[in-house]
Amino acid sequence: MLALVLVALVISALAGSPAESQTPLDDRVREIAAGLRCPVCQNLSVADSPSEMAQQMRAVVRERLEAGQSRQEVEAYFLSKYGDWILLAPRRRGFNLVLWIGPFAGAALGLLVAAYFVRRWAGRRAAVRPGAPDPALLERVRSEAAADAGPVPPEVFASLPPLERERARLYEALRELAFDRRAGKLSSEDYEAMRADYEARAAQALLDVEAGQARERAGDRRRARGEEPATGTAPVGARRPRPLRTALAGGFVLAFGVAIGVFLTQAIRPRASSMDSMTGDFLTGTGPGGVSPTLSFQGNALERDLEEGRAAFDRGDFRMAADHFKRVLAVEADHPLALSSLALILARGGHAEAAQQAVERALARAPDHSFALWVNGLVLYEARRDYAGAIRAWEALLEQPLAPEDARTVTEMLADARRRLDSGAMAAAPSVPVPVRSAGDSRRVVGAVVLGDSLRAAGSPAGTLFVIARRGGGPPLAVKRIVSPQFPVQFSLGPEDVMVQGGEFRGEVTLLARLKRDGRAGPASPGDLEGVAERNPVPVGTTGVRITLETVR
Amino acid sequence: MWRRLVLFVVVAVPFLSLLGYGFTRDAKEIPSPLIARAAPPFTLPRFDDGAIALESQRGKVVFLNFWASWCVPCRAEAPALERAWLGYRDRGVVFVGVNIQDKDEDARAFLREFRITYPNVRDDAGKAAIDYGVWGIPETFIIDRDGRITYKHVGALGRATITAKIEEALRGVVSASEGRGEYGATR
């Protein structure tokens, strides 16, 4: 029995102790982590971030606390590694004080300015009312108020100038006050106080009216003499209307509103992808942001990624194209078109093995997929130089229904592969012609670069070969770069080689090949090899172009 | 009139200069306090057998590269790093790759894909990464023969920068500030 109780006690102690001893530590870890900025997040603390980095940083905080370090010591550690940036609240010292004091100083300054202006306005009103009006004037007010026949008819009142209106209103008020007094509604004390106030105001109004009339007469005289009235002498309270200014301001506000309404709604649209910009290419001028305007945002995300990937591929942005195809693959792991497109990109990047794996996965899913078969042949032919394999792939492709021009291209490539297979392992290495989509290329220039007679004896020279297409005498329109070429070199220039943003590879181009010994793009230097096409200019769509290299002196 | 002008200048000039100061700074810049300091020591397991201790490389220039297989710029710089390693391996320079925030099989596939031959270690707990103040990868540190960090680079590295900065480290020259690649990746 005693043993049982002991066991129960031990178990409860074991179960209880971690919870009891860990909770304060957890709190301290959280407390410190909440003050640290997660380095890989946007405005998240290490305590709040679910990222791996933040988890690891929390573990470091815990470890250091367990080792007996204080909060200051733990923070000092992170400060020594990341700098002030790691603290979510900037330290109260140096330039950072601006952050801490600035808002309060700004608020205090704002209050001071507001107080100053309120006092000034209040002062102006008080100044308008002088303390004791002239008794003679008061007498005049009393007599005029009594003499007035009664309330001014509304239509007459409306036609009065503002100052006259004020005077008429005050006289009316004085008469009503007297009436109320007679009716016994007011104590004599109240009556006296209110009457004094009204009379003082009426006296001031009377003065203002007369001053205004005097100014008007002076203005008339001046106008009669042909002088402009000096600015700043306009009668107080009788501001002259400025129709032109009002109309201009109104027009501006209206135009601004219309501009905002029309311009912004057209300029801004939802982001179609993370690579896209909110304004598209409308304001930023960054070029197509990876989305074509013809695609609807509600459309199938997979289809859109495929379309965008192909568009990116066509304009030579392989990184973005690969991103799109990968996104398709995240949804559908063995999408044949995405896999084979990716394989093409990988082959271009020199990753023959990965390209092969990708296209084989595509074919495992869809053995008859034309594009996958085409890419499979290309990868085998170019990257792996497995001509027998390429022949098998393209023969299978020819059994599929193909457009006539596609079939012709495949047949040509097949013939080429057979020739290479026959000429054995010693055959010249193929270049990297990667036709964009399936085939049928009226959009390409295909041919070979060969060495001049004097050079052939010395074997293939080292360097990097650039095949350059220009339109007229302008900058290079499209360039193909071939590292360590083995002559004769087959080349195929197409839309993916275009260097100029938005440039289209069509019409006639002037072709030039240049072997640079130092491998850098640029003009030829002595010792480099150079040659032009036999018949320049060459229309895009031509095959069998021949360029012969000679030494540059 | 003069009073107003003076008041305006007194209020507006500090405000505008503060604004100007703010706009000329890169808010995303996180200057590392580690440059010209002693490199934090570590001992981490290699992908092949054994382990590497930074201390044991004293006397050599160490090119320390933090990477992950999922990071796009790491892929971009991988071939340049391997080529640079082949060029410098006999010149008292050692390259060490530190794999962080990654899966073991992915990391190994990356090393195979780019045929990386310099030693690579795993930092599963991220301690070395935090010790070096890593916030985005790839990040590269160059450590001179005395174990002092001479250069830090955030983002993908090209051949020209690698060569220039290793040569500086070989001569014991410390860079004034860290470098930035064309793009970095964060997760």
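Here the structure is a predicted model, which means the values were calculated and not measured.

### What about the overall build of chain A?
Here is step 1 of the chain: Secondary structure summary: chain A contains 17 helices and eight strands in total.
Here is step 2 of the chain: With 553 residues in all, chain A has 25% of them scored as buried.
Here is step 3 of the chain: Of the contacts made within chain A by residues no fewer than 6 positions apart, 55% connect residues no fewer than 24 positions apart.

### Thoughts on the environment of S69 of chain B
Residue and element names in this part refer to chain B.
Here is step 1 of the chain: Mapped onto the fold, S69 is located in the loop between strand 3 (61-67) and helix 2 (72-88).
Here is step 2 of the chain: As for S69 and D102, which are separated by 33 residues in sequence, their C-alpha atoms are 6.7 Å apart.
Here is step 3 of the chain: Those residues in contact with S69, other than ones at most four positions away along the chain, are D102, D106, A107, A109 and F110.

### Topic: the confidence of the model for chain A
Residues and elements named next belong to chain A.
Here is step 1 of the chain: Confidence in the prediction for chain A averages 77 pLDDT; 80% of positions are at 70 or higher.
Here is step 2 of the chain: Least confident of the elements in chain A is helix 1 (residues 2-34), whose mean pLDDT is 61; most confident is helix 2 (residues 52-66), at 93.
Here is step 3 of the chain: A low-confidence stretch, residues 283-299 stays under pLDDT 50, and its non-local contacts, those more than four residues away or across chains, total 29 contacts.
Here is step 4 of the chain: Here residues 425-440 is a poorly scored stretch, pLDDT under 50, and it has 45 contacts once near neighbours within four places are set aside; other chains count.

### Quick look at the interface of chain B and chain A
Often, the extent of an interface is quoted as the loss of accessible area on bringing the components together.
Here is step 1 of the chain: Listed by partner, the interface residues are 17 residues for chain B and 16 residues for chain A.
Here is step 2 of the chain: Residue contributions to the side of chain B that touches chain A peak at three residues, all from helix 4 (residues 127-131) of chain B.
Here is step 3 of the chain: Looking at the side of chain B that touches chain A, its residues break down into seven nonpolar, six polar and four charged.

### Let's talk about the nonpolar core
Here is step 1 of the chain: Grouped together as the largest cluster of nonpolar side chains are 57 residues, with contacts concentrated most on M57 of chain A together with V61, V62, F63, I142, I143 and I166 of chain B.
Here is step 2 of the chain: Beyond its immediate stretch of four places on either side in the chain, V61 of chain B contacts G92, V93, I142, I143, D144, R145, I166, A169 and L170 of chain B.
Here is step 3 of the chain: Of all hydrophobic cores here, the second largest spans 38 residues; its members include A312, F325, I345 and L397 of chain A.

### Section: the packing of helix 15 (residues 387-398) of chain A against helix 16 (residues 404-422) of chain A
Residue and element names in this part refer to chain A.
Here is step 1 of the chain: Contact geometry of helix 15 with helix 16 gives a least axis separation of 9 Å together with a crossing angle of 155°. By the angle between their directions, the pair helix 15 and helix 16 is classed as roughly antiparallel. Regarding helix 15 and helix 16, the two cross each other, and that crossing is left-handed. From helix 15, Y387, A388, A390, I391, W394, E395, L397 and L398 reach across to helix 16, where they touch A407, V410, M413, L414, A417, R418, R420 and L421.
Here is step 2 of the chain: Class assignment of the residues belonging to the contact of helix 15 with helix 16 gives a composition of 13 nonpolar, no polar and three charged.

### Examining the pairing of strand 8 (residues 545-551) of chain A
All names here are of chain A.
Here is step 1 of the chain: Two elements, strand 1 (residues 445-451) and strand 8, share five bridges in a ladder whose sense is parallel. The residue bridging L451 from the neighbouring strand is L549, located in strand 8.
Here is step 2 of the chain: With two bridges connecting them, strand 6 (residues 529-532) and strand 8 associate as antiparallel partners. Looking across to strand 8, one finds that L529 is bridged to T551.

### With respect to helix 2 of chain A
Residues and elements named next belong to chain A.
Here is step 1 of the chain: The end-to-end C-alpha distance of helix 2, which contains 15 residues, comes to 21 Å, matching closely the 21 Å that a straight helix rising 1.5 Å per residue would cover.
Here is step 2 of the chain: All of the buried residues along helix 2 are M53, A54, Q56, M57, V60 and V61. Angular distribution of buried residues about the axis of helix 2 spans 160°; they occupy a single face of the element.
Here is step 3 of the chain: A positive backbone phi angle near 95° is found at G68, which sits one or two residues after helix 2.

Reading guide: rules and limits
Residues numbered from 1 in each chain as written. Chains lettered and ligands numbered in written order. Predicted model: local features only at pLDDT ≥ 70, side-chain atom pairs only at ≥ 80, totals over all residues. Helix = DSSP H or I, 4+ residues; strand = E, 2+ residues; numbered from the N terminus. Buried ≥ 20, exposed ≤ 12 C-beta atoms within 10 Å, placed from the backbone. Contact = placed C-beta atoms within 7 Å. pLDDT = per-residue confidence, 0-100. Nonpolar A, V, L, I, M, F, W, Y, C, P; charged D, E, K, R; others polar. Core = buried A, V, L, I, M, F, W, Y, C linked by C-beta atoms within 7 Å. Axes fitted to C-alpha atoms, helices over the stretch in contact; angles between N-to-C directions. Parallel < 35°, antiparallel > 145°, perpendicular 65-115°, else oblique. Left-handed = near helix turned anticlockwise from the far one by under 90°. Pairing = 2+ DSSP bridges. Expected span 1.5 Å × (residues − 1). Arc of directions from axis to C-beta.

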